[in-house]
Amino acid sequence: QVQLVESGGGLVQAGGSLRLSCAASGRTFSIYAMGWFRQAPGKEREFVAAISWRGSSTYYADSVKGRFTISRDNVKNTVYLQMNSLKPEDTAVYYCAARRDNGLGYSTSIGYDYWGQGTQVTVSS
């Protein structure tokens, strides 16, 4: 199995920045891609960004393009989400996820096999 632990969340003013980290452990050799999702109270979990583990291809939700950057360090088995120009609507619990090479898409939660516990991001106006 793969275990994922997020960190880096917190409270920030609108326009500020945060950097989230997600450390993977366990059977990390099975990871094909990693992604970030977020969920606000009363809302569905939504896709934020994803990155392939080998080719470094990246994918972003339209709502975060130009503001968020996903990256990964395969040696450290860690994925990062650099969040700039944060907006109050970015407030949510952010989850990192990992998927195997299962042929499923990058932007849907059902395609991911492993999930972290989440980290809270709060953006004040």
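Fair warning: this is a prediction, and the values are worked out from it, not measured in the lab.

Turning our eyes to something else, we now look at the nonpolar core. If you look at the biggest cluster of nonpolar residues, it comprises 37 residues, and the most contacted ones within it are L4, M34, W36, L81, M83 and Y94. Only β1 (2-7), β3 (18-26), β4 (33-39), β5 (46-52), β7 (68-73), β8 (78-83), β9 (92-99) and β11 (119-124) provide two or more residues apiece to this core.

If you walk through the whole model with that rule in mind, you get 1 disulfide. There is a disulfide in this structure between C22 and C96, and the S-S distance comes to 1.9 Å. Handedness of the C22-C96 disulfide follows from its S-S torsion of about 50°: it is right-handed. Of this pair, C22 sits in strand β3 while C96 sits in strand β9; the two residues are 74 residues apart in sequence, bridging distant segments of the chain. Given a relative accessible area of 0%, C22 falls into the buried group.

This paragraph deals with the environment of V79. In this fold, V79 is placed in strand β8. Of the residues examined, V79 reaches a relative accessible area of 0% and is grouped as buried. Each C-alpha atom, one on V79 and one on A50, is 9.5 Å from the other, the two residues being 29 residues apart in sequence. Among all residues touching V79, those that are not within four sequence positions of it are L20, S21, C22, M34, W36, I51, I70, S71 and R72.

On inspection of all chains with the given rule, the structure shows 5 aromatic pairs. Seen from their ring centres, F37 and F47 are 5.7 Å apart, and the 70° between their planes marks the pair as edge-to-face. Placement of the pair is F37 in strand β4 and F47 in strand β5, with a sequence separation of 10 residues. Across the pair, exposure class does not vary: F37 and F47 are buried alike. Summarising the aromatic geometry, the rings of F37 and Y112 are spaced 5.2 Å apart at their centres and angled 80° between planes, so their arrangement reads as edge-to-face. Here F37 is found in strand β4, whereas its partner Y112 is found in the loop between β9 and β10 (114-115), with 75 residues between them in sequence. Residues F37 and Y112 agree in their burial class; the two are buried. Joined through ring pairs, the aromatic side chains of F37, F47, Y112 and W115 make up one cluster. One Lys or Arg, R19, reaches over the ring of Y80 and ends 4.0 Å from the middle of that ring.

What counts, and at which threshold
Residues numbered from 1 in each chain as written. Predicted model: local features only at pLDDT ≥ 70, side-chain atom pairs only at ≥ 80, totals over all residues. Heavy atoms only, no water. Core = buried A, V, L, I, M, F, W, Y, C linked by side-chain atoms within 4.5 Å. Buried < 20%, exposed > 50% of the residue type's maximum accessible area, 1.4 Å probe, protein only. Helix = DSSP H or I, 4+ residues; strand = E, 2+ residues; numbered from the N terminus. Disulfide = S-S within 2.5 Å. Contact = heavy atoms within 4.5 Å. Phe/Tyr/Trp six-rings, centres within 6.5 Å; stacked < 30°, edge-to-face > 60°. Lys NZ or Arg CZ within 6 Å of the ring centre and 35° of its normal.

Read these as spatial facts, not as claims about activity.
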